[in-house]
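Okay, here's what each chain looks like letter by letter:
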Amino acid sequence: MARRALDLAVALGPLRLPNPIGLASGTCGYGAELAGLLDVGRLGCVFTKGLTLAPRDGNAPARIAETEGGTLNRIGLQNVGVEAFLADKLPALAALGVPVVANVAGATAAEYVAIAERLDGAPGLAGLELNVSCPNVDHGGIELGSEPRVLEALVAAVRARTRLALVVKLTPNTGAVGELARAAEAGGADAISAINTVTGLVVTPTLVDGRLSAKAMRGGLSGPAIKPVALRCVAEARAACGLPIVGVGGIMGLGDVLEFLAVGATAVQVGTGTFVEPGLAGRLVDELEDWCEANGIASLRTALEGAGEACV
Ligand SMILES: Cc1cc2nc3c(=O)[nH]c(=O)nc-3n(C[C@H](O)[C@H](O)[C@H](O)COP(=O)(O)O)c2cc1C
(Lines give C-alpha, C1' and ligand atoms only; values in the text may rest on other atoms or scores of the structure.)
Protein backbone atom coordinates (compact mmCIF):
# COMPACT_ATOMS: atom_id res chain seq x y z
CA MET A 1 0.00 0.00 0.00
CA ALA A 2 1.34 3.46 -0.90
CA ARG A 3 2.44 5.51 2.08
CA ARG A 4 0.85 8.86 2.86
CA ALA A 5 3.20 11.80 2.28
CA LEU A 6 5.40 11.60 5.33
CA ASP A 7 8.02 14.19 6.20
CA LEU A 8 10.75 12.85 8.50
CA ALA A 9 13.15 15.73 7.76
CA VAL A 10 14.80 17.56 10.63
CA ALA A 11 17.32 20.41 10.77
CA LEU A 12 20.56 20.89 12.67
CA GLY A 13 20.83 24.63 12.11
CA PRO A 14 21.63 25.03 8.41
CA LEU A 15 22.07 21.27 7.93
CA ARG A 16 18.91 19.56 6.68
CA LEU A 17 18.68 15.80 7.33
CA PRO A 18 16.12 13.72 5.39
CA ASN A 19 15.41 11.82 8.63
CA PRO A 20 16.82 11.88 12.16
CA ILE A 21 18.70 8.53 12.12
CA GLY A 22 22.49 8.82 11.77
CA LEU A 23 25.55 6.61 12.23
CA ALA A 24 27.88 7.52 15.12
CA SER A 25 31.52 8.43 14.66
CA GLY A 26 34.02 5.60 14.99
CA THR A 27 31.45 2.84 14.65
CA CYS A 28 30.91 2.98 10.88
CA GLY A 29 34.39 3.68 9.49
CA TYR A 30 34.02 6.21 6.68
CA GLY A 31 30.47 5.08 5.92
CA ALA A 32 30.99 3.34 2.61
CA GLU A 33 32.25 0.20 4.43
CA LEU A 34 28.64 -0.49 5.45
CA ALA A 35 27.23 -0.06 1.94
CA GLY A 36 26.82 -3.81 1.38
CA LEU A 37 25.02 -4.24 4.69
CA LEU A 38 22.48 -1.42 4.62
CA ASP A 39 21.21 1.30 2.30
CA VAL A 40 23.46 4.10 3.59
CA GLY A 41 21.78 6.58 1.22
CA ARG A 42 18.50 6.18 3.12
CA LEU A 43 20.00 7.33 6.43
CA GLY A 44 19.69 10.81 7.85
CA CYS A 45 23.43 11.35 8.23
CA VAL A 46 26.83 9.67 8.55
CA PHE A 47 29.28 10.99 11.15
CA THR A 48 32.74 9.78 10.07
CA LYS A 49 35.54 8.34 12.17
CA GLY A 50 37.42 11.12 13.99
CA LEU A 51 39.94 12.81 11.69
CA THR A 52 43.30 14.26 12.70
CA LEU A 53 45.70 16.27 10.51
CA ALA A 54 48.18 13.38 10.16
CA PRO A 55 47.20 9.69 9.95
CA ARG A 56 47.24 7.84 13.31
CA ASP A 57 47.66 4.15 14.16
CA GLY A 58 45.83 4.57 17.46
CA ASN A 59 46.73 2.66 20.63
CA ALA A 60 48.35 -0.77 20.61
CA PRO A 61 46.01 -3.72 21.24
CA ALA A 62 44.18 -4.83 23.32
CA ARG A 63 41.88 -1.88 22.78
CA ILE A 64 38.32 -3.16 22.84
CA ALA A 65 36.47 -5.35 25.35
CA GLU A 66 32.89 -6.46 25.88
CA THR A 67 31.17 -5.54 29.14
CA GLU A 68 27.71 -6.21 30.56
CA GLY A 69 25.43 -4.21 28.27
CA GLY A 70 28.24 -2.50 26.43
CA THR A 71 31.69 -2.19 24.98
CA LEU A 72 34.80 -0.51 26.37
CA ASN A 73 37.25 0.86 23.81
CA ARG A 74 40.59 2.64 23.81
CA ILE A 75 41.11 2.84 20.05
CA GLY A 76 42.91 6.17 20.38
CA LEU A 77 41.70 7.89 17.20
CA GLN A 78 43.13 5.55 14.57
CA ASN A 79 42.36 7.27 11.28
CA VAL A 80 43.65 7.92 7.76
CA GLY A 81 44.24 11.64 8.28
CA VAL A 82 42.47 14.53 6.61
CA GLU A 83 44.25 14.38 3.21
CA ALA A 84 43.52 10.68 2.62
CA PHE A 85 39.94 11.26 3.80
CA LEU A 86 39.46 13.94 1.15
CA ALA A 87 41.15 11.94 -1.62
CA ASP A 88 40.05 8.36 -0.89
CA LYS A 89 37.06 8.27 1.49
CA LEU A 90 34.78 11.28 1.05
CA PRO A 91 34.01 10.85 -2.68
CA ALA A 92 32.68 7.28 -2.21
CA LEU A 93 30.62 8.26 0.82
CA ALA A 94 29.19 11.40 -0.78
CA ALA A 95 28.24 9.33 -3.86
CA LEU A 96 25.86 7.33 -1.65
CA GLY A 97 23.69 10.45 -1.39
CA VAL A 98 23.73 10.81 2.40
CA PRO A 99 24.59 13.99 4.33
CA VAL A 100 28.17 13.60 5.60
CA VAL A 101 29.52 15.18 8.75
CA ALA A 102 33.27 14.80 9.39
CA ASN A 103 34.20 14.14 13.01
CA VAL A 104 37.31 16.20 13.84
CA ALA A 105 39.84 15.71 16.63
CA GLY A 106 42.95 17.70 17.45
CA ALA A 107 45.68 17.80 20.05
CA THR A 108 45.48 21.61 20.11
CA ALA A 109 42.98 24.29 19.14
CA ALA A 110 45.24 25.18 16.20
CA GLU A 111 44.92 21.63 14.87
CA TYR A 112 41.11 21.77 14.99
CA VAL A 113 41.23 25.06 13.10
CA ALA A 114 43.66 23.69 10.49
CA ILE A 115 41.46 20.63 9.85
CA ALA A 116 38.32 22.79 9.62
CA GLU A 117 40.01 25.07 7.07
CA ARG A 118 41.14 22.10 5.01
CA LEU A 119 37.64 20.57 4.99
CA ASP A 120 35.75 23.80 4.33
CA GLY A 121 34.16 23.66 0.91
CA ALA A 122 34.99 19.97 0.30
CA PRO A 123 32.47 18.64 -2.25
CA GLY A 124 29.93 16.38 -0.57
CA LEU A 125 30.70 17.46 2.99
CA ALA A 126 27.83 19.01 4.94
CA GLY A 127 29.28 19.62 8.37
CA LEU A 128 31.88 19.13 11.06
CA GLU A 129 31.42 17.41 14.40
CA LEU A 130 34.07 18.61 16.87
CA ASN A 131 35.14 15.69 19.03
CA VAL A 132 36.09 17.56 22.18
CA SER A 133 35.26 14.53 24.29
CA CYS A 134 37.54 11.60 23.37
CA PRO A 135 38.70 9.88 26.59
CA ASN A 136 41.34 7.74 24.83
CA VAL A 137 44.14 10.12 23.80
CA ASP A 138 46.89 11.78 25.85
CA HIS A 139 46.40 15.33 24.55
CA GLY A 140 43.50 17.35 23.21
CA GLY A 141 39.92 16.24 22.86
CA ILE A 142 38.53 15.99 26.33
CA GLU A 143 40.96 18.57 27.76
CA LEU A 144 39.54 21.15 25.37
CA GLY A 145 35.95 20.09 25.96
CA SER A 146 35.71 20.05 29.76
CA GLU A 147 36.13 23.73 30.60
CA PRO A 148 33.38 26.05 29.27
CA ARG A 149 35.61 29.04 28.55
CA VAL A 150 38.21 26.92 26.75
CA LEU A 151 35.47 25.21 24.73
CA GLU A 152 33.83 28.51 23.75
CA ALA A 153 37.15 29.86 22.47
CA LEU A 154 37.83 26.68 20.49
CA VAL A 155 34.37 26.69 18.87
CA ALA A 156 34.67 30.40 18.03
CA ALA A 157 38.08 29.84 16.42
CA VAL A 158 36.73 27.02 14.24
CA ARG A 159 33.53 28.95 13.48
CA ALA A 160 35.59 31.82 12.10
CA ARG A 161 37.23 29.50 9.54
CA THR A 162 34.38 27.44 8.14
CA ARG A 163 30.94 27.80 6.62
CA LEU A 164 30.17 24.14 7.28
CA ALA A 165 27.47 23.29 9.84
CA LEU A 166 29.20 22.94 13.22
CA VAL A 167 28.19 20.24 15.70
CA VAL A 168 29.99 20.06 19.06
CA LYS A 169 30.16 16.61 20.69
CA LEU A 170 30.10 16.78 24.47
CA THR A 171 31.61 14.54 27.11
CA PRO A 172 29.55 12.99 29.91
CA ASN A 173 32.72 12.74 32.00
CA THR A 174 32.27 16.12 33.68
CA GLY A 175 29.34 17.38 35.72
CA ALA A 176 28.80 20.43 33.54
CA VAL A 177 26.96 19.32 30.41
CA GLY A 178 24.56 22.28 30.48
CA GLU A 179 27.39 24.79 30.90
CA LEU A 180 29.36 23.16 28.09
CA ALA A 181 26.31 23.26 25.80
CA ARG A 182 25.87 26.97 26.54
CA ALA A 183 29.57 27.57 25.86
CA ALA A 184 29.34 25.80 22.50
CA GLU A 185 26.31 27.93 21.62
CA ALA A 186 28.13 31.14 22.61
CA GLY A 187 31.08 30.09 20.43
CA GLY A 188 28.81 29.80 17.39
CA ALA A 189 27.95 26.09 17.17
CA ASP A 190 24.90 25.05 15.14
CA ALA A 191 24.14 21.91 17.17
CA ILE A 192 25.26 19.74 20.09
CA SER A 193 25.78 15.99 20.04
CA ALA A 194 25.73 14.06 23.30
CA ILE A 195 27.31 11.87 24.39
CA ASN A 196 30.77 10.50 23.73
CA THR A 197 31.78 7.40 25.69
CA VAL A 198 31.78 7.22 29.49
CA THR A 199 35.19 6.60 31.04
CA GLY A 200 35.39 3.14 32.58
CA LEU A 201 37.65 0.28 33.56
CA VAL A 202 37.55 -3.40 32.60
CA VAL A 203 39.33 -5.55 35.16
CA THR A 204 40.63 -9.11 35.24
CA PRO A 205 41.49 -10.06 38.83
CA THR A 206 44.64 -12.17 39.14
CA LEU A 207 46.26 -13.92 42.09
CA VAL A 208 50.04 -13.65 42.14
CA ASP A 209 51.75 -15.48 45.02
CA GLY A 210 48.53 -15.37 47.02
CA ARG A 211 48.03 -11.62 46.50
CA LEU A 212 45.14 -10.17 44.53
CA SER A 213 45.98 -7.77 41.76
CA ALA A 214 44.27 -6.53 38.62
CA LYS A 215 44.95 -6.50 34.92
CA ALA A 216 43.00 -3.41 33.98
CA MET A 217 42.08 -1.59 30.77
CA ARG A 218 40.80 1.97 30.90
CA GLY A 219 38.66 3.21 28.05
CA GLY A 220 35.33 4.61 26.93
CA LEU A 221 32.14 2.70 27.67
CA SER A 222 29.40 2.62 25.01
CA GLY A 223 26.21 0.65 24.35
CA PRO A 224 22.94 0.15 26.27
CA ALA A 225 24.74 0.49 29.63
CA ILE A 226 25.23 4.24 29.02
CA LYS A 227 21.77 5.12 27.65
CA PRO A 228 20.43 6.62 30.91
CA VAL A 229 23.54 8.81 31.17
CA ALA A 230 23.09 9.94 27.55
CA LEU A 231 19.39 10.72 28.09
CA ARG A 232 20.26 12.78 31.17
CA CYS A 233 22.90 14.72 29.23
CA VAL A 234 20.55 15.39 26.30
CA ALA A 235 17.88 16.65 28.70
CA GLU A 236 20.39 18.92 30.47
CA ALA A 237 21.73 20.31 27.19
CA ARG A 238 18.17 20.86 25.95
CA ALA A 239 17.34 22.82 29.09
CA ALA A 240 20.54 24.86 28.97
CA CYS A 241 20.69 26.09 25.38
CA GLY A 242 18.62 26.74 22.29
CA LEU A 243 20.60 24.54 19.90
CA PRO A 244 19.28 21.34 18.30
CA ILE A 245 20.72 18.24 19.98
CA VAL A 246 21.82 14.93 18.47
CA GLY A 247 21.33 12.12 21.00
CA VAL A 248 23.76 9.20 21.05
CA GLY A 249 24.35 6.40 23.51
CA GLY A 250 22.97 2.88 23.63
CA ILE A 251 20.41 2.99 20.83
CA MET A 252 19.39 -0.58 19.96
CA GLY A 253 15.78 -0.15 18.87
CA LEU A 254 12.97 2.27 17.97
CA GLY A 255 11.96 2.61 21.63
CA ASP A 256 15.41 4.05 22.38
CA VAL A 257 15.10 6.52 19.47
CA LEU A 258 11.73 7.71 20.77
CA GLU A 259 13.18 8.17 24.27
CA PHE A 260 15.91 10.49 22.91
CA LEU A 261 13.40 12.45 20.79
CA ALA A 262 11.05 12.72 23.79
CA VAL A 263 13.75 14.32 25.98
CA GLY A 264 14.48 16.91 23.31
CA ALA A 265 16.87 15.42 20.75
CA THR A 266 16.27 16.51 17.15
CA ALA A 267 18.23 13.58 15.69
CA VAL A 268 20.11 10.51 16.94
CA GLN A 269 23.19 8.44 16.12
CA VAL A 270 23.50 4.68 16.23
CA GLY A 271 26.92 3.49 17.43
CA THR A 272 27.65 0.21 19.18
CA GLY A 273 24.27 -1.11 17.99
CA THR A 274 25.74 -1.33 14.46
CA PHE A 275 28.33 -3.85 15.75
CA VAL A 276 25.48 -6.09 16.92
CA GLU A 277 23.25 -5.55 13.89
CA PRO A 278 24.98 -3.87 10.92
CA GLY A 279 21.63 -2.95 9.34
CA LEU A 280 20.17 -1.46 12.53
CA ALA A 281 20.14 2.21 11.45
CA GLY A 282 18.29 1.35 8.22
CA ARG A 283 15.75 -0.71 10.14
CA LEU A 284 15.18 2.24 12.48
CA VAL A 285 14.36 4.56 9.54
CA ASP A 286 11.73 2.05 8.38
CA GLU A 287 10.33 1.60 11.88
CA LEU A 288 10.18 5.35 12.54
CA GLU A 289 8.24 5.77 9.30
CA ASP A 290 5.83 3.02 10.36
CA TRP A 291 5.44 4.57 13.81
CA CYS A 292 4.65 8.02 12.35
CA GLU A 293 2.16 6.46 9.94
CA ALA A 294 0.47 4.42 12.67
CA ASN A 295 0.14 7.51 14.86
CA GLY A 296 -1.11 9.88 12.16
CA ILE A 297 2.06 12.01 12.17
CA ALA A 298 2.63 13.72 8.80
CA SER A 299 5.58 15.90 9.89
CA LEU A 300 8.11 14.68 12.42
CA ARG A 301 9.37 18.23 12.90
CA THR A 302 5.90 19.31 14.04
CA ALA A 303 5.61 16.30 16.37
CA LEU A 304 8.92 17.24 18.02
CA GLU A 305 7.94 20.85 18.79
CA GLY A 306 8.24 21.40 22.54
CA ALA A 307 9.56 17.89 23.24
CA GLY A 308 11.79 17.65 26.30
CA GLU A 309 10.68 20.92 27.85
CA ALA A 310 9.90 19.45 31.25
CA CYS A 311 12.60 16.81 31.67
CA VAL A 312 15.02 18.38 34.16
C1 LIG B 1 35.04 1.69 18.71
C2 LIG B 1 34.53 3.09 18.91
C3 LIG B 1 35.20 4.16 18.30
C4 LIG B 1 34.75 5.48 18.48
N5 LIG B 1 35.40 6.50 17.86
C6 LIG B 1 34.92 7.78 17.99
C7 LIG B 1 35.55 8.87 17.29
O8 LIG B 1 36.50 8.71 16.52
N9 LIG B 1 35.04 10.13 17.49
C10 LIG B 1 33.95 10.36 18.32
O11 LIG B 1 33.53 11.52 18.47
N12 LIG B 1 33.32 9.33 18.95
C13 LIG B 1 33.79 8.07 18.81
N14 LIG B 1 33.14 7.03 19.45
C15 LIG B 1 31.96 7.32 20.29
C16 LIG B 1 30.65 7.07 19.53
O17 LIG B 1 30.53 7.90 18.41
C18 LIG B 1 29.42 7.29 20.47
O19 LIG B 1 29.44 8.62 20.93
C20 LIG B 1 29.44 6.36 21.67
O21 LIG B 1 29.91 5.07 21.30
C22 LIG B 1 28.06 6.21 22.31
O23 LIG B 1 27.11 5.69 21.41
P24 LIG B 1 26.71 4.12 21.36
O25 LIG B 1 26.41 3.71 22.78
O26 LIG B 1 25.54 4.05 20.45
O27 LIG B 1 27.90 3.39 20.84
C28 LIG B 1 33.59 5.71 19.29
C29 LIG B 1 32.92 4.63 19.88
C30 LIG B 1 33.37 3.32 19.71
C31 LIG B 1 32.62 2.20 20.35
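This structure is a prediction, so every number in the text was calculated from the model and none was measured. (Residues numbered from 1 in each chain as written. Predicted model: local features only at pLDDT ≥ 70, side-chain atom pairs only at ≥ 80, totals over all residues. Heavy atoms only, no water.)

Caption draft 1: Region of the structure containing the environment of L43. Relative to the helices and strands, L43 is located in the loop between β3 (21–23) and β4 (45–47). Measuring from C-alpha to C-alpha, the distance between L43 and L144 comes to 31 Å, with 101 residues separating the pair along the chain. (Helix = DSSP H or I, 4+ residues; strand = E, 2+ residues; numbered from the N terminus.)

Caption draft 2: Expanded view of the site of the ligand. Around the ligand lies a shell of 23 residues, among which S25, K169, G223, G250 and T272 are the nearest. G250 has a polar backbone atom sitting 2.7 Å from an oxygen atom of the ligand. G271 places a main-chain nitrogen or oxygen 3.1 Å from an oxygen atom of the ligand. Surface burial for the ligand is 97%, taken as the share of its 610 Å² of free accessible area covered by protein chains. In a pocket analysis with a 2 Å cut-off to the grid points, the ligand is assigned to the largest pocket. (Near = heavy atom within 4 Å. Polar contact = N/O pair within 3.5 Å; in protein donor to acceptor, adjacent residues only side chain to side chain. Areas by Shrake-Rupley, 256 points an atom, 1.4 Å probe, with all protein chains shown as cover. 1 Å grid on protein atoms, 1.4 Å probe; cavity = no way out; pocket = protein on both sides within 12 Å on 5 of 7 lines; lining within 4 Å. Sits in = over half its atoms within 2 Å of the grid points.)

Caption draft 3: Fine view of the layout of surface pockets. Roughly 660 Å³ of volume is contained in the largest pocket. Surrounding the largest pocket, 37 residues form its lining, S25, G26, T27, K49 and N73 being those nearest its centre. Residues belonging to the lining of the largest pocket are distributed by class as follows: 14 nonpolar, 21 polar and 2 charged. The space that makes up the second largest pocket amounts to roughly 290 Å³. Taken together, 16 residues form the lining of the second largest pocket, with R238, P244, G264, T266 and L304 sitting closest to its centre. Tallied by class, residues from the lining of the second largest pocket come to 9 nonpolar, 4 polar and 3 charged. (Points joined across faces, edges and corners; volume = space filled by probe spheres on them. Nonpolar A, V, L, I, M, F, W, Y, C, P; charged D, E, K, R; others polar.)

Caption draft 4: Broad picture of the packing of helix α3 (residues 148–159) against helix α4 (residues 177–187). Where α3 contacts α4, the two axes come as close as 7 Å, and the packing angle between them is 30°. With respect to their mutual orientation, α3 and α4 come out roughly parallel. Where α3 crosses over α4, the two elements pack in a sense that is right-handed. Each of P148, L151, E152, V155, A156 and R159 in α3 lies in contact with α4, whose residues at this interface are E179, L180, A183, A184, A186 and G187. Residue composition of the contact of α3 with α4, grouped by class: 8 nonpolar, 1 polar and 3 charged. (Axes fitted to C-alpha atoms, helices over the stretch in contact; angles between N-to-C directions. Parallel < 35°, antiparallel > 145°, perpendicular 65-115°, else oblique. Left-handed = near helix turned anticlockwise from the far one by under 90°. Contact = heavy atoms within 4.5 Å.)

Caption draft 5: Inspection of the pairing of strand β8 (residues 127–131) at higher detail. Extensive coverage of β8 is indicated by the burial of 5 of its 5 residues. Because side chains alternate across β8, one face comprises the buried residues G127, E129 and N131, and the other comprises L128 and L130, equally buried. Inspection of the sheet shows strand β7 (residues 100–104) paired to β8 by 4 bridges, in the parallel sense. Among the inter-strand pairings, N103 is bridged to a residue of β8, identified as E129. (Buried < 20%, exposed > 50% of the residue type's maximum accessible area, 1.4 Å probe, protein only. Pairing = 2+ DSSP bridges.)

Caption draft 6: The arrangement of the packing of aromatic side chains in detail. Using the criterion set out here, one finds 1 aromatic pair in the structure. Geometrically, the ring pair formed by Y30 and F85 is tilted, given 6.1 Å between the ring centres and 45° between the ring planes. On the criterion of sequence distance, the pair formed by Y30 in the loop between β3 and β4 and F85 in helix α1 (residues 82–94) is long-range, its members being 55 residues apart. Assigned by exposure class, Y30 and F85 land together as buried. (Phe/Tyr/Trp six-rings, centres within 6.5 Å; stacked < 30°, edge-to-face > 60°.)

Caption draft 7: Looking closely at the pattern of salt bridges. Scanning the entire structure with this criterion turns up 13 salt bridges. Note that R118 and E83 form a salt bridge whose closest N and O atoms lie 2.6 Å from each other. Of this pair, R118 sits in helix α2 (residues 109–119) while E83 is found in helix α1, placing the two residues 35 residues apart along the sequence. What makes E83 partly exposed here is its relative accessible area of 41%. Put simply, E277 and R283 hold a salt bridge, and the shortest N to O gap is 2.8 Å. Judged by its relative accessible area of 30%, R283 is partly exposed. In the salt-bridge network here, residues are joined through shared partners; they are R42, D286 and E289. (Salt bridge = Lys/Arg side-chain N within 4 Å of Asp/Glu carboxyl O.)

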